[in-house]
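A closer look at the structure
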Amino acid sequence: MWKQFFISRKFIIFTGIFIGISAAVLQKLGNPANMGICVACMERDIAGALGLHRAAVVQYIRPEIIGFVFGSLIAALVFKEFKARSGSAPLIRFVLGFLAMIGALVFLGCPWRTLLRLAGGDGNALFGLAGLITGIWVGILFIKSGYNLGRNQRTYPLVGWIMPLIMMGLFLLLLFRPQLPSGAVFFSSQGPGSQNAPIFIALLVAMVIGFLAQRTRFCTVAAVRDVILIKDTYLFTGVISLLLAALVSNLILKQFHSGFQGQPIAHINQLWNFGGMVLAGLAFTLAGGCPGRQLFLSGEGDADAAVFVLGMIVGAGFAHNFAMASSAQGPGLWGPASVIIGLIICLIIGFSMSDLMKKKKEA
Amino acid sequence: MKDNYSVVIFYSTSAAIRTESLAKKQGLAIKLIPVPRHLSSDCGICLQFNNEDKPKIEKILQDGKVEYENIYKI
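Residues numbered from 1 in each chain as written. Chains lettered and ligands numbered in written order. Predicted model: local features only at pLDDT ≥ 70, side-chain atom pairs only at ≥ 80, totals over all residues.

**Points about the overall build of chain A**
- Check the secondary structure of chain A and you find 16 helices and 2 strands.
- What you see for chain A is a C-alpha radius of gyration of 19 Å, in line with the 21 Å of a compact globule of 363 residues.
- Over its C-alpha atoms, taken along the principal directions, chain A stretches across nearly 60 × 50 × 45 Å.
- Sorting the 363 residues of chain A into buried and exposed places 57% on the buried side. (Helix = DSSP H or I, 4+ residues; strand = E, 2+ residues; numbered from the N terminus. Rg over C-alpha atoms; globule rule 2.2 N^0.38 Å. Buried ≥ 20, exposed ≤ 12 C-beta atoms within 10 Å, placed from the backbone.)

Below, the structure written as structure tokens:
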């Protein structure tokens, strides 16, 4: 019976509901508003804790990110799906992760937080969502034109264990909080970085999510891609379940405040709310999955997905050091320019790694 | 098609789409579907076809030089 449940549509709905409720509850337990879970924001906080950027209000080693990788690792080991693999254009994936993070930080959220912001009543998220879908749609055009990053190869198990080991290292830094002369490890004393749910509850919830997502292949970007590309709604039902569950939970916990002005960790410049997520959506689609999915893949041995995650963390460092990330006041000084340059880079990657160029060469 | 089909698992989404268009040209009854959950794959989309078309599908994959992971009977 369990086997049937694991492959049924009920299971993806269950997963979506679990993530939606968890996000609302983690917010109640201390995480920043409409940010019970946000893969981009939380990786950005980790980058800050390590000193890759010095934005003092967003520095914390988020146990949720660690839990996602551990949960997926455990599911992959239990169900014998752990498979060390790499070699599918890792450096391109690093660049895509870097650019995806910049886009996400111009909007202020990953696809998961886009849904959670909507579920919290933040109308600005509608523009982010529209941008995300537009970015995915452009990515699909490339996929239809033969875009691919080449196949990966099976490799030594150690390669697949690198990301879980990095996460273990981060977890030790979080537990023991060493203080070095440089100031690292940095932990915010105010702002979103100082707001956090209890470590072990956050870790445990995230591990359950990682476990469920590894089994269901939950992915917000592939959900939209599958609807457009092959008219399949399996993953999409999971995403809708997440949205509705978070909405209902927020209403019950009195965390729902509708409007555009004064939304938490958000700005009202709709052009760049939209533009930032076009860039993120395109980069995620070219890399094959949303940032959550990249974490789950890196937990089951996909070293290329791990490189994408590292690209996101480094990208977060750059986004804050080079005034690309937005704040509640609006886009950073270099935010709009970086989105445009990022889009150009994505288009070059899309064109040069598809059949569009090959055909020209042959002709 | 429900009880009597197989799927080709690919490394990339575009390989799946390319094979679909090649098979469509030959008039085969095929369909792109998400990879069944009990199989694991790096690409989320696979090609479903009738078991009796297996030789034709294999020939399309070979002639089209499409790299694929495996073929599974469902």
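**Remarks on the overall build of chain B**
- Across its full length, chain B carries 2 helices and 4 strands.
- Each helix (α) and strand (β) of chain B, taken in turn from the N terminus, gives the series β-α-β-β-α-β.
- In summary, chain B has a C-alpha radius of gyration of 11 Å against a globular reference of 11 Å for 74 residues, a match within 12%.
- With the principal axes as the frame, chain B shows a C-alpha extent of 30 × 25 × 15 Å.
- Within chain B, buried positions represent 38% of all 74 residues.

**What to know about the interface of chain A and chain B**
- Contacts between chain A and chain B engage 16 residues on the former and 18 residues on the latter.
- Ranked by the residues each element gives to the side of chain A that touches chain B, the list is headed by helix 10 (residues 220-230) of chain A, at 3 residues.
- Here the residues of the side of chain A that touches chain B sort into 7 nonpolar, 3 polar and 6 charged. (Contact = placed C-beta atoms within 7 Å. Nonpolar A, V, L, I, M, F, W, Y, C, P; charged D, E, K, R; others polar.)

**Topic: the nonpolar core**
Residue and element names in this part refer to chain A.
- Core analysis: the largest hydrophobic core is formed by 137 residues, its most contacted members being M101, L105 and A283.
- Examining the composition of this core, we find that 13 residues originate from one element, helix 5 (residues 90-107), more than from any other.
- In this view, L105 contacts A40, R44, A316, A319, M324, A325 and S326; residues no more than four positions away in its chain are not counted. (Core = buried A, V, L, I, M, F, W, Y, C linked by C-beta atoms within 7 Å.)

**Concerning the pairing of strand 1 (residues 5-10) of chain B**
- As judged from the 5 bridges shared by strand 1 of chain B and strand 3 (residues 45-50) of chain B, these two strands associate in the antiparallel manner. Within strand 3 of chain B, the residue paired with B:V8 across the bridge is B:L47. (Pairing = 2+ DSSP bridges.)

**Concerning helix 12 (residues 270-287) of chain A**
Residue and element names in this part refer to chain A.
- With 18 residues, helix 12 should reach 26 Å at 1.5 Å per residue; the first-to-last C-alpha distance of 26 Å fits that figure.
- Counted residue by residue, helix 12 has 16 buried out of 18 residues, so it is predominantly covered.
- After helix 12 finishes, the residue G288 shows a positive phi value of roughly 95 degrees. (Expected span 1.5 Å × (residues − 1).)

**So, the sheet that holds strand 1 of chain B**
All names here are of chain B.
- Spatial ordering of the open sheet is given by 2-3-1-4, a layout of 4 strands whose pairing is antiparallel. Of all the strands in the sheet, the pair left with one neighbour each is strand 2 (30-34) and strand 4 (68-73). Going from strand to strand, the sheet's axes swing by 25 degrees on average, the running direction of each strand aside.
- One ladder, built from 5 bridges, connects strand 1 with strand 4; its direction is antiparallel. Directly across from F10, in strand 4, lies its bridge partner Y68. (Axes fitted to C-alpha atoms, helices over the stretch in contact; angles between N-to-C directions.)

**Some thoughts on unusual backbone geometry**
Residue and element names in this part refer to chain A.
- Going from A184 to V185, the amide bond is cis rather than trans, its omega being 0 degrees.
- Tracing the chain through its elements places V185 in the loop between helix 8 (157-176) and helix 9 (199-216).
- A positive phi angle is found at N34, which is not glycine, with a value near 55 degrees.
- You can see N34 is positioned in the loop between helix 2 (9-28) and helix 3 (39-49).
- Here the phi dihedral of R177 falls at roughly 45 degrees; this positive angle occurs in a residue that is not glycine.
- Mapped onto the fold, R177 is located in the loop between helix 8 and helix 9.

**Digging into the environment of A:C110**
Residue and element names in this part refer to chain A.
- By the secondary structure assignment, C110 is in the loop between helix 5 and helix 6 (111-119).
- Classification of C110 by C-beta neighbours within 10 Å gives buried; the count is 33.
- Look past the residues within four positions of C110 in its chain and what remains in contact with it is C38, V39, A40, A104, C290 and P291.

**Things to note about helix 13 (residues 291-299) of chain A**
Residues and elements named next belong to chain A.
- With 9 of its 9 residues buried, helix 13 lies for the most part within the structure.
- Residues of helix 13 that are buried include every one of P291, G292, R293, Q294, L295, F296, L297, S298 and G299, and no others.
- Where helix 13 terminates, the next one or two residues include G301, which has phi positive at roughly 105 degrees.

**Focus on the packing of helix 8 of chain A against helix 14 (residues 303-321) of chain A**
Residue and element names in this part refer to chain A.
- Contact geometry for helix 8 and helix 14: axes closest at 9 Å, N-to-C directions at 30 degrees. As far as their axial angle goes, helix 14 and helix 8 are roughly parallel. For the crossing formed where helix 8 meets helix 14, the hand is left-handed. Contacts from V159, G160, I162 and M163 in helix 8 reach A303, A306 and V309 in helix 14.
- Of the residues contributing to the contact of helix 8 with helix 14, the split by class is 6 nonpolar, 1 polar and no charged. (Parallel < 35°, antiparallel > 145°, perpendicular 65-115°, else oblique. Left-handed = near helix turned anticlockwise from the far one by under 90°.)

**Regarding the confidence of the model for chain B**
- Of all residues in chain B, 96% have pLDDT values of 70 or greater, and the mean over the chain is 90.
- The ipTM for the predicted assembly is 0.90, set against a pTM of 0.95. (pLDDT = per-residue confidence, 0-100.)

**A short note on the environment of A:M357**
Residues and elements named next belong to chain A.
- Tracing the backbone through its elements, the reader meets M357 in helix 16 (residues 355-362).
- Along the sequence, M357 and F200 sit 157 residues apart, while their C-alpha atoms lie 50 Å from each other.
- Setting aside its immediate chain neighbours within four residues, M357 contacts F351 and S352.

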